[in-house]
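Listed below are the residues making up each chain.
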Amino acid sequence: MLQTHMSYGHQGDINTPYVVHTVPQVPLLTNGEMVDDIRPEQHALVPSFMGGGGKKIYPLPFSDPNLPVHLRSLDPSKDLSTYGYGNVDWKERMENWRQKQEKMHKMRNDGGGKGWNNDNEEPDLPLMDEARQPLSRKLPVPSSQINPYRMIIIIRLVVVGFFFHYRITNPASDAYPLWLISVICEIWFAISWILDQFPKWLPIERETYLDRLSLRYEKEGQPSQLSPIDIFVSTVDPMKEPPLITANTVLSILAVDYPVEKVSCYVSDDGAAMLTFEALSETSEFAKKWAPFCKKFNIEPRAPEWYFQQKIDYLKDKVHPSFIKERRAMKREYEEFKVRINALVAKAQKVPEEGWTMQDGTPWPGNNVRDHPGMIQVFLGQSGGHDVEGNELPRLVYVSREKRPGFNHHKKAGAMNALVRVSAVLTNAPYLLNVDCDHYFNNSKAIREAMCFMMDPLVAKKVCYVQFPQRFDGIDRHDRYANRNIVFFDINMKGLDGIQGPIYVGTGCAFRRQALYGYDAPKSKKPPTRTCNCWPKWCCCGCCCSGRRKKKTAKAKQEKRRNSSWRGDNGAPVLALEGIEDGKQGNENDKQKLMSEQKLEKKFGQSPVFVASTLLENGGTLKGATPASLLKEAIHVISCGYEDKTDWGKEIGWIYGSVTEDILTGFKMHCHGWRSIYCIPGRPAFKGSAPLNLSDRLHQVLRWALGSVEIFLSKHCPLWYGYRGGLKWLERLSYINATVYPWTSIPLLAYCTLPAVCLLTGKFITPELSNVASLWFLSLFICIFATSILEMRWSGVGIDDWWRNEQFWVIGGVSSHLFAVFQGLLKVLAGIDTNFTVTTKAGDDEEFSELYTFKWTTLLIPPTTLLIVNFIGVVAGVSNAINNGYESWGPLFGKLFFSFWVIVHLYPFLKGLVGRQNRTPTIVIVWSILLASIFSLLWVRIDPFLPKSDGPLLEECGLDCN
């Protein structure tokens, strides 16, 4: 008897005896004979794990020297593939394994697992166990990279302390105002650095196992057990968000690599545009050809516009003989589809006076964008939603919520909440995924990547959402305006994933529906102690295993009883919390039931069907409800008054109160104790378009900063909200940083003005440096550079991306962030609202032509003024040094370095200001020169650093004037 202590991924340890009989002599492959003039003792020896009677003995964690080791002789002159090594056909192995699984399952049902004693029917334990392994794992940053990074952070913190001790105790007596302003700015910068740095203390990466997901939830011959998912696409204005871009996003969703019956796509048209409706109708027809083509040849990406634009070898890994022919035909079909979409766009440029009319002659309900009823149209569904090959397609639903004058519709957040309710009534998938209309599925397995976390029993219970990084197409090679935002997505987000998870960035995110309903995260429980050695699924004794099975059976019965109680006597859906038995107990619980119903209706709204769906943790629609009744209820839940006196936007769904509803929504979930996951697949999951020209980019950053200011001035500010919840303190620091950063624009603007003032006045922000002071300044610079270098090392971010991020931090700080602070104060204190401008999406113009397009905006004035003032200061400082001689060049170097620091950081702005064809708006130049001139003249007129006297200063010249 050989007792081995083995665990194949099951909970607990299992002591399983294996019987090993006397091992007979196994003949060698060559049978000890000469093969090709090679003696037997010269043959290669390969260990063979063979036991008595042909029974397999799997590798053990230890070796017993008393057991004989049998060797297989191989002919070294032959290919190893002839012996089955190095050329394993994985598909054939999988088929054999699945056949063994089916036989084992059948024997277990027929004979209670008697087949275990049959050597010929023995299951392949390692492969069987592969399906029970975790679906993902953490990959910590190597200690050789992260430990020096943490050490230099601590050293930098100490150096900063000594630096400020010197700065505060050694003021510049001849330039006290400059010294005071600079010290205040530097203290604020140090606080901002701490808020940004320490949430990156525990960076991690993650790895997913899609094959294990398939083994566990997609067994051959059985329906897929993968969870359903509802995908949301949001759009507003088809003139700024081209319908062709939205169509490509929808097509990539309809062709995704996921069971079609599990996928539903909801498109929110918040502008109620007939152009979007007709474009979506054309898209649904083209999808019937596009989806089977994608799945047949397994192409990536599955957005046709970007697939046909790829500058790669599209024949790579393609072996189907008809691929070239079908690809050419599909490209022609897509070009015809584009022509039809472009014709719709051209037709929509001129709106008729009486408004748009539909084919039956009735007016389009959305002719008045601010006053129209709710609209829902199912383009692809269970009936009629089949492709050209007869296969079913995912659902495609058009939704435009009701809008009436006098109601606050809460922009994008309100539209997303309407989609949550509509999807809950129609499909009620337990998981949601939202993307912007310009973010297409670049990876057809993106949903499977998310499900590796959402459906993993080890981590799924407390996961509220899985966030994917944003990646972009069509950006210039140098990424002049830091559109890719690599530092944030590849450094900050990885750091947050090691704490409580990344923040929600508004798109490319898979949610747990129950987390959006405002429920608290489940508390972690200790697993029960095992009291037997039986297998979990075949436990037949009276131990804890069978007890858990009984509890699951009781829970299933309760769920079944609950589902059956949603319908009343007339077949209409009614609200029923639990199946209450007849008799006295039911009568006694009537009041409690009524109170629970009223509480739920007050929280979720006056819709029995929707409220009933919120109680189904695993999703699913109401049984027996007709499609017509469900559509009627779906129209009701998108009415403009449905959310009145409910918790929508306060505790449920996307949270209102900021134009950046994404940060606020993720923050509320983390306060409820949930955690999020950051998933970075090898192939980017989603790709989108970004604004190329400087003006649009600054307006985009302005919107983000304005939302942060609104959160900072609201009750949801992370400085004082959510302390009784489950938010970790390092995660709180990251949220504080995300809401405080726009306020850095004020000290940053002052700090960037100081170099010019120093050069014009000849003063400086520090007194003459001693040796000790020089040491602290030098140490601080070295720590700053070392932190950045080590950060780039463990994250893999290039120095170009890091430097572009630093430059745009200054550009955005002195322009968009500054305006966001004043607009936020006006909105909160004075009630003056600013309209949200939709960022123009990429069109079909010449590549990078938008990069040089310049549009007038007041955001351009502050950075332009800073550039001119600093250029004037440099000229004045150099001229003064030339006039005063050699001794004045030494103090000048520090001031010039200070000024060049500002100019170098603003260089991309300067380059964009000049443009390719020198098309800088005249108004920008006029205003900037005017402000710079006024500032310079004012400074010359009232120079606070010159000594004041009542009369002229008289000196003896040495001459006798008499």
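Criteria and thresholds
Residues numbered from 1 in each chain as written. Predicted model: local features only at pLDDT ≥ 70, side-chain atom pairs only at ≥ 80, totals over all residues. Heavy atoms only, no water. Helix = DSSP H or I, 4+ residues; strand = E, 2+ residues; numbered from the N terminus. UniProt positions renumbered as here; feature names shortened; annotations may be inferred. Buried < 20%, exposed > 50% of the residue type's maximum accessible area, 1.4 Å probe, protein only. Contact = heavy atoms within 4.5 Å. Polar contact = N/O pair within 3.5 Å; in protein donor to acceptor, adjacent residues only side chain to side chain. Pairing = 2+ DSSP bridges. Phe/Tyr/Trp six-rings, centres within 6.5 Å; stacked < 30°, edge-to-face > 60°. Lys NZ or Arg CZ within 6 Å of the ring centre and 35° of its normal. Axes fitted to C-alpha atoms, helices over the stretch in contact; angles between N-to-C directions. Nonpolar A, V, L, I, M, F, W, Y, C, P; charged D, E, K, R; others polar. Core = buried A, V, L, I, M, F, W, Y, C linked by side-chain atoms within 4.5 Å. Domains from an automatic or database assignment. Salt bridge = Lys/Arg side-chain N within 4 Å of Asp/Glu carboxyl O. Parallel < 35°, antiparallel > 145°, perpendicular 65-115°, else oblique. Left-handed = near helix turned anticlockwise from the far one by under 90°.

Each neighbour pair has its own omega, and for E300 with P301 the value is -10 degrees, a cis peptide bond. Its place among the elements puts P301 in the loop between α7 (274–297) and α8 (304–308). For N428, which is not a glycine, the phi torsion comes out positive at approximately 55 degrees. As for its placement among the helices and strands, N428 is situated in the loop between α10 (411–426) and β11 (431–436). The backbone of N485 sits at a positive phi, close to 55 degrees, despite the residue not being glycine. Here N485 shows up in the loop between β14 (471–473) and α12 (486–497).

We now examine the UniProt feature "active site" (unreviewed entry) in the protein. When the UniProt feature table is mapped onto this chain, "active site" (unreviewed entry) is found at D270 and D662. Position of D270 among the secondary structure elements: in the loop between β8 (263–269) and α7. Residue class for D270 comes out buried when judged on its relative accessible area of 9%. Beyond its immediate stretch of four places on either side in the chain, D270 contacts T235, V236, R401, K403, K411 and A415. A polar atom in the side chain of D270 sits 2.7 Å from the side chain of R401. By secondary structure assignment, the location of D662 is in helix α19 (residues 661–671). On the accessibility criterion, D662 (14% relative accessible area) is buried.

Sheet architecture is open: 3 strands sit in the order β12-β17-β14, paired in mixed fashion. Each edge of the open sheet is held by one strand with a lone partner, namely β12 (440–441) and β14. Relative to strand β17 (residues 686–689), β12 runs antiparallel, the two being bridged by 2 bridges. In the sheet register, F441 faces β17, and the bridge partner there is F686.

Turning next to the packing of aromatic side chains. For the coordinates displayed, the defined rule picks out 44 aromatic pairs. Between Y465 and Y504, the aromatic rings sit 6.1 Å apart at their centres with planes inclined by 55 degrees, giving tilted as the arrangement. Residue Y465 is located in strand β13 (residues 463–467), and its partner Y504 is located in the loop between α12 and β15 (509–512); the two are separated by 39 residues in the primary sequence. An angle of 70 degrees between the planes, with centres 5.2 Å apart, marks the rings of Y751 and F898 as edge-to-face. Of this pair, Y751 sits in helix α22 (residues 745–761) while F898 sits in helix α27 (residues 889–905); the two residues are 147 residues apart in sequence, bridging distant segments of the chain. Given the relative accessible area of 8%, F898 is considered buried. Through a chain of ring-to-ring contacts, three or more aromatic side chains come together here, namely F286, W290, F293, F297, Y307, F308, F323, Y334 and F337. Positioned over the ring face of F808 is R697, at 4.7 Å from the centre of the ring. Here the basic side chain of R732 rests over the ring of Y723, its NZ or CZ set 3.7 Å away from the ring centre.

With respect to the secondary-structure elements, S795 resides in helix α23 (residues 771–795). At 3.4 Å, the side chain of S795 forms a polar contact with the backbone nitrogen of V797. Ignoring sequence-local partners within four residues, the contact set of S795 consists of D490, I491 and K494.

Moving on to the packing of helix α20 (residues 694–712) against helix α21 (residues 729–740). Relative to each other, α20 and α21 sit at 115 degrees, their axes nearing to 7 Å. On the side of α20, the interface is formed by S708, I711 and F712, while α21 contributes A738, T739 and V740. For the contact of α20 with α21, the class distribution of residues is 4 nonpolar, 2 polar and no charged.

This next bit is on α19. Residue pairs three or four apart in sequence face the same way in an α-helix, which turns once every 3.6 residues. Most of α19 sits out of view: 11 of its 11 residues are buried. For α19, every residue scored as buried is listed here: E661, D662, I663, L664, T665, G666, F667, K668, M669, H670 and C671.

Within the largest apolar cluster, 80 residues are counted, with the highest numbers of intra-cluster contacts made by V422, F511 and F610. Tallying contributions element by element places α10 first for this core, with 9 residues. Here this core gathers at least three residues from each of two domains, domain 1 (130–225 + 430–518 + 651–941) and domain 2 (228–429). In this view, V422 contacts Y266, I376, V399, A634, V637 and I638; residues no more than four positions away in its chain are not counted. Counting residues in hydrophobic clusters, the runner-up holds 71 residues, among them Y217, I229, C265 and V267.

Quick look at the side chain of K200 now. Structurally, K200 can be placed in the loop between α4 (176–197) and β6 (204–208). Engagement of the side chain of K200 in a polar contact is seen with the side chain of D196, the distance being 3.2 Å.

In this structure the tally under the stated criterion is 29 salt bridges. Salt-bridge contacts for D257 lead to R448; the nearest nitrogen and oxygen are separated by 3.8 Å. You can see D257 sitting in the loop between α6 (243–254) and β8 and its partner R448 sitting in helix α11 (residues 446–454), a full 191 residues away along the chain. Of the residues examined, D257 reaches a relative accessible area of 22% and is grouped as partly exposed. Looking at R448, the relative accessible area reads 8%, which means it is buried. A salt bridge links K403 to D270; the shortest N-O distance between them is 3.5 Å. In this pair, K403 sits in the loop between β10 (395–400) and α10 while D270 sits in the loop between β8 and α7, placing the two residues 133 residues apart along the sequence.

Taken in spatial order, the 8 strands make up an open sheet running β9-β10-β8-β7-β11-β15-β13-β16, and their pairing is mixed. Both edges of this open sheet fall to β9 (375–380) and β16 (675–678), since each of them pairs with a single strand only. On average, each strand axis in the sheet is tilted by 20 degrees relative to the strand beside it, whichever way the strands run. One ladder, built from 5 bridges, connects β8 with β10; its direction is parallel. Of the residues in β10, the one forming a bridge with S268 is V399. On top of the sheet, α10 reaches β7 (229–235), β8, β9, β10 and β11; it is set at about 150 degrees to β7, its chief contact.

Turning to the UniProt feature "transmembrane region" (unreviewed entry) in the protein, a few remarks are in order. The sites that UniProt annotates as "transmembrane region" (unreviewed entry) are residues 148–166, 178–195, 740–760, 772–790, 810–830, 859–882, 888–910 and 922–942. Secondary structure within residues 178–195 divides into 100% helix and 0% strand; the distance between the first and last C-alpha atoms comes to 26 Å. In the segment residues 772–790, helix accounts for 100% and strand for 0%; the C-alpha atoms at its two ends are 27 Å apart.

At their nearest, the axes of helix α26 (residues 861–884) and α27 sit 10 Å apart, and the two run at 165 degrees to each other. By the angle between their directions, the pair α26 and α27 is classed as roughly antiparallel. The element α26 and its partner α27 pack so that their crossing is left-handed. On α27, the residues touching L867, N870, F871, V874, G877, V878, A881 and I882 of α26 are W889, L892, L896, S899, F900, V902 and I903. A per-class count over the contact of α26 with α27 returns 12 nonpolar, 3 polar and no charged.

This brings us to the pairing of β13. For a regular strand, side-chain orientation follows a simple rule: the groups alternate between the two sheet faces. For β13, a buried count of 5 out of 5 residues is recorded, marking the element as mostly surrounded by other parts of the structure. For β13 and β16, the ladder comprises 4 bridges, and the chain directions are parallel. Bridged to V466 within β16 is I677. With 3 bridges connecting them, β13 and β15 associate as antiparallel partners. The residue of β15 that forms the bridge with Y465 is F511.

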